Amino acid sequence: MSTWLGTGPLVGERVTLRPLGVGDIDALNRVVGDPDRFRWVPGIPVDSGSARRFVDAALADLESRVAFAVVDNTDGTLLGSTSFYEIDETHRSACIGYTFYSERVQGTAVNPTAKYLLMRHAFEECGAVRLTWHTHERNEQSRAAITKLGASFEGLLRKHRRFDDGWRTTALYAMTDDDWPAAKANLLQRLSS
């Protein structure tokens, strides 16, 4: 696990983020009910084989990716996953992504709480100066969620990632440590209402 961003659990009021492991494979393959809702996000677990591949990929390079299981604090149910990736301790930066949740919790406090926990950990506990998000340029749901977090749109990265049988244009968003205090205040207000 990354010696810089790696950690034990990140605990919020609604959810806990704990390191993702092979013991999560069975629960992961039951998170997504309708794979078409995740058409812009390749590699989302939809069965035991894809869940195993997702976990294996998440654990393949623990210095460049820290993957978390997002767990409901009320009943211990695994709701999805999110990660730090492209971790660069030298430049104090990382990406946040590989995120997906059960359809039943989309649009709830789960995602903003999970992202708040990741951003607070990175900026306040680890001294990060920049966090970024990548999403498919056509993934409007993801783009809206990233904007609500307080991240700024920085542009489009053409032919950035392989996607299906071609290439994806990626929408790039970022937040710096200078942006964090205002974003944190907005997120806390959003989570308390």
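Structural notes, computed from the coordinates. As the structure is a prediction and not an experimental result, all values here were calculated from the model.

**A closer look at the sheet that holds strand E7 (residues 152–163)**
Reading across from one edge, E1-E2-E3-E4-E5-E6-E8-E7 is the order of the eight strands in this open sheet, with mixed pairing throughout. Either end of the sheet is taken by a strand with one partner, and the two such strands are strand E1 (10–11) and E7. Looking at chain direction, strand E2 (residues 15–19) and strand E3 (residues 65–72) are connected through five bridges and run antiparallel. Each residue of the ladder has a partner; that of valine 15, found in E3, is aspartate 72. Contacts between helix H3 (residues 110–125) and the sheet are confined to E1, E2, E3, strand E4 (78–88), strand E5 (93–101), strand E6 (130–136) and strand E8 (166–176), with E5 contributing the most and set at about 160 degrees to the helix. Set on the sheet, helix H4 (residues 140–148) makes contact with E6, E7 and E8; between it and E6 the angle comes to about 160 degrees.

**Details of the layout of surface pockets**
Of the pockets and cavities examined, the largest pocket occupies roughly 1200 Å³. Surrounding the largest pocket, 46 residues form its lining, Val41, Thr99, Phe100, Asn139 and Ser142 being those nearest its centre. When contributions to the lining of the largest pocket are tallied by element, the ones reaching two or more residues are helix H2 (48–60), E5, H3, E6, H4, E7 and helix H5 (180–192). Examining the composition of the lining of the largest pocket, we find that seven residues originate from one element, H4, more than from any other.

**So, the side chain of serine 50**
Here serine 50 shows up in helix H2. Given the relative accessible area of 9%, serine 50 is considered buried. Those residues in contact with serine 50, other than ones at most four positions away along the chain, are Ile44 and Pro45.

**Quick word on the environment of arginine 18**
Within the secondary structure, arginine 18 is located in strand E2. For arginine 18, a relative accessible area of 29% corresponds to the partly exposed category. Residues arginine 18 and tryptophan 180, spaced 162 residues apart in sequence, show a C-alpha to C-alpha distance of 23 Å. If we skip the residues at most four places from it in the chain, arginine 18 touches Pro9, Asp24, Ala67, Phe68, Ala69, Val71 and Leu78. Reaching out from arginine 18, the side chain makes a polar contact with the side chain of aspartate 24 at a distance of 2.6 Å.

**Quick notes on the packing of aromatic side chains**
Enumeration over the complete set of coordinates arrives at seven aromatic pairs. Aromatic pair tyrosine 85 and tyrosine 98: ring centres 5.0 Å apart, planes at 80 degrees, arrangement edge-to-face. Of this pair, tyrosine 85 sits in strand E4 while tyrosine 98 sits in strand E5, and the two are 13 residues apart along the sequence. Seen from the ring of tyrosine 98, arginine 65 lies directly overhead, with NZ or CZ sitting 3.7 Å from the centre.

**Description of the pattern of salt bridges**
For the coordinates displayed, the defined rule picks out six salt bridges. Between glutamate 124 and lysine 184 there is a salt bridge, and its shortest N-O distance comes to 2.8 Å. Here glutamate 124 is found in helix H3, whereas its partner lysine 184 is found in helix H5, with 60 residues between them in sequence. Residue glutamate 124 is classed as partly exposed on the basis of its relative accessible area of 40%. Given the relative accessible area of 23%, lysine 184 is considered partly exposed.

Conventions adopted
- Residues numbered from 1 in each chain as written.
- Predicted model: local features only at pLDDT ≥ 70, side-chain atom pairs only at ≥ 80, totals over all residues.
- Heavy atoms only, no water.
- Pairing = 2+ DSSP bridges.
- Helix = DSSP H or I, 4+ residues; strand = E, 2+ residues; numbered from the N terminus.
- Contact = heavy atoms within 4.5 Å.
- Axes fitted to C-alpha atoms, helices over the stretch in contact; angles between N-to-C directions.
- 1 Å grid on protein atoms, 1.4 Å probe; cavity = no way out; pocket = protein on both sides within 12 Å on 5 of 7 lines; lining within 4 Å.
- Points joined across faces, edges and corners; volume = space filled by probe spheres on them.
- Buried < 20%, exposed > 50% of the residue type's maximum accessible area, 1.4 Å probe, protein only.
- Polar contact = N/O pair within 3.5 Å; in protein donor to acceptor, adjacent residues only side chain to side chain.
- Phe/Tyr/Trp six-rings, centres within 6.5 Å; stacked < 30°, edge-to-face > 60°.
- Lys NZ or Arg CZ within 6 Å of the ring centre and 35° of its normal.
- Salt bridge = Lys/Arg side-chain N within 4 Å of Asp/Glu carboxyl O.

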